[in-house]
Amino acid sequence: MKALVVEFPSAPSVTKAAEQVRARGYPLLDAVTPYPLEPLLRLVGKRPAGVRTPMAVAGFSVAIAFYVLQYWTAVYAYPVNSGGRPLNSWPVFPLVPFEVGVLAAAVAGFAAFLVRCGLPRLNHPFFAAPNTARATQDRFYLLVDPLEDGKTAPLMALLFDAGALSVCETEG
Amino acid sequence: MSLAQPASNPRLLLPSGVSDAGITADVAWPILEKRRWTKWWIAIVFTLPFVAATLAGLVGLFWEGVGLWGINTTNVWGIAIANYVWWIGIGNAGTLISGLLLLTRQGWRASINRFAEAMTLFAVSIAGIFPIIHLGRPQYFYWLAPYPNTMTLWPQWRSALIWDFWSILSYLLFSILFWYLGLIPDAATLRDRAKSRFGQRFFGVLALGWRGSAYHWHVHKTLQLTLAALAVPLVCSVHSIVGLDFAASLMPGWQEPIFPPYFVVGAMYSGFAMVVLLALGVRWGLDLTGYITARHFDAMALMILMAALVMTASYASEWFTAWYSGEHAERSLIAFEFTGPYWPLYGLLLLFNCILPQLLWLPAARRNLWCLAVVSIGILIGMWLERILIIWNTLGHDRLPSMRHTFVMSLTDWTFLFGPLGLFAFLFLLFARFFPIVSMYEVRELAHAEAAS
């Protein structure tokens, strides 16, 4: 799908433009900014991040698995009578599962982050647009649907009125 | 040298007129452009002998064994354990700054969290060496991991050594992930600014194709907050486990339930002192005076002051508990601390950890960088003395008087006391040379929030 990459000089101008685009009923495909802008996310369409569930599942299941490992090795595989303590020394056994569970949650969270963002990837059509060199520094971008011929002009007028610096067309 | 408050609005952290382009240029320029790194090279050359000494010490320990330490049958623990506690304490503050201050929405963390996290990585890596080299046969340290083996041996899960193994391992890997997650957007910035092919590839690989779309930021921020919420209990558990290394024993002066929280605060205390010192160095060495301001030092000084009060209360509670228990061993240990062979060190500890930081009640002292540097160095020395005295005093004054001995430092002890400091400085200098030392996207976000307010 083709998209128009519209460049803006500042956070207030890009937010204002996005609000107007949405108010007129034009579809807003995406926004690319050098730091997170909460209002833009709402205008583009907020989807759940989807990292917390995998983190909880991985964290708890690895922690349980480690407790089971401790239980099996300390009670069955290699029982040691350490000063008369019970073989299943449950007051101290949660220590290791907690540490490992937190680590597993973090690893799962990072993996979910990569999957949800579609990273790592070598290239993206956005980078092919000639006006995107400062996307990670100090320029703000809206990706809008180019519409059919003849309908683009009012949208363009609206964007430039809101302070757009340049517009490029890209695949993707 | 003292810092003036920004004239316009004392509540703002950044000077007015900071632009997105300006922040990016100030942080990225030294890394990417040709610049004279004279001070950097001088510092690197200065750290190299320390790195070499550490490596030589490690080779010696693996070759000869633990006989090289100054330990004996009475003082079974020495520099290795004190340094382990000290270094992992330094590592504590980085995670607290990035995690706790993120959750409590403290804007001042934005300029300092990146290098505080890097400090955590290096300090925890160094800390991880010590439990290994204090083992009688360090080459078998991997026996701590549970894996099926022909000896059908399994780890002793009730041992504090096992808890240390897992807590250091989890904490180190977790810190690397947390640090790297924050680095991804900044690596993308450097990728887009780099002119050399190598720079583009190096930062391109690190950035993983990041482009900063609205959804990317949403997922990134959600994960960062969730990791921060996990980091705080993790960091407290790690240092509590270090405290349990002592408290789970039966020795007078060690078997105290206050040890885990007291160790956590002590770790935060020395960690913040190290962050202040590194912030001073970074600010001076990389010309970032606009981003690390009076407000930052003021906030860190207040954290240090709070920790100083908690530490003083902890020492007082140790003395009180010893007296209140009525135990002869406990009471005579406290008397030994004040009158035994180590009393000058104990006096220095109280001076550096309890008395000197009271200077920070004065706002003028909190803004005077020399004063902050002196107090911070004092705390770092004081906290090391605290850890070594916990070991020396208790082991040197056990219940059996015929076993009492004073510790004598060997060459290996001195090597591992000072060598790792240089190794840490060496790693930190490499980081400052090749990575963005201030989190650019978070400073942009902060500047945006301050401009809007």
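Residues numbered from 1 in each chain as written. Chains lettered and ligands numbered in written order. Predicted model: local features only at pLDDT ≥ 70, side-chain atom pairs only at ≥ 80, totals over all residues.

**Re the overall build of chain B**
Thought 1: Scanning chain B from N- to C-terminus turns up 15 helices and 0 strands.
Thought 2: Rg of the C-alpha trace for chain B: 23 Å, near the compact-globule value of 22 Å for 453 residues, within the 12% margin.
Thought 3: Overall, the C-alpha framework of chain B stretches about 70 × 60 × 40 Å when taken along its three principal axes.
Thought 4: In chain B, which comprises 453 residues, the share counted as buried stands at 49%. (Helix = DSSP H or I, 4+ residues; strand = E, 2+ residues; numbered from the N terminus. Rg over C-alpha atoms; globule rule 2.2 N^0.38 Å. Buried ≥ 20, exposed ≤ 12 C-beta atoms within 10 Å, placed from the backbone.)

**Some remarks on the interface of chain A and chain B**
Thought 1: Contacts between chain A and chain B engage 56 residues on the former and 50 residues on the latter.
Thought 2: Of all the secondary-structure elements, those providing two or more residues to the side of chain A that touches chain B are β2 (28-32), α2 (38-44), α3 (52-77), α4 (95-117) and α5 (125-128) of chain A.
Thought 3: It is α4 of chain A that provides the largest number of residues to the side of chain A that touches chain B, a total of 15 residues.
Thought 4: Looking at side-chain class alone, the side of chain A that touches chain B contains 38 nonpolar, 9 polar and 9 charged residues. (Contact = placed C-beta atoms within 7 Å. Nonpolar A, V, L, I, M, F, W, Y, C, P; charged D, E, K, R; others polar.)

**Regarding unusual backbone geometry**
Thought 1: The amide bond that connects leucine 119 of chain A to the next residue, proline 120 of chain A, takes the cis arrangement and shows omega of -10°.
Thought 2: Relative to the helices and strands, proline 120 of chain A is located in the loop between α4 and α5.
Thought 3: Notably, arginine 105 of chain B is not glycine yet its phi reads approximately 55°, a positive angle.
Thought 4: Mapped onto the elements of the fold, arginine 105 of chain B is located in the loop between α3 (79-103) and α4 (113-133).

**Comments concerning the domain arrangement of chain A**
Thought 1: Partitioning chain A into domains gives domain 1 (2-45 + 133-171) and domain 2 (52-117).
Thought 2: For domain 1 of chain A versus domain 2 of chain A, the distance between C-alpha centres works out to 47 Å. (Domains from an automatic or database assignment.)

**What about the sheet that holds β2 of chain A?**
Residues and elements named next belong to chain A.
Thought 1: Strand order across the open sheet formed by 4 strands is β2-β3-β1-β4, with antiparallel pairing between neighbours. Looking at the sheet topology across the chains shown, the edges are occupied by β2 and β4 (166-171). The mean inter-strand angle of the sheet, taken between neighbouring strand axes irrespective of direction, is 25°.
Thought 2: Summarising the sheet, β2 and strand β3 (residues 140-144) pair through 4 bridges and their orientation is antiparallel. Looking across to β3, one finds that valine 32 is bridged to tyrosine 141.
Thought 3: Contacts from helix α1 (residues 11-23) reach β1 (2-8), β2 and β3 within the one sheet, and its direction differs from that of β3 by about 15°. (Pairing = 2+ DSSP bridges. Axes fitted to C-alpha atoms, helices over the stretch in contact; angles between N-to-C directions.)

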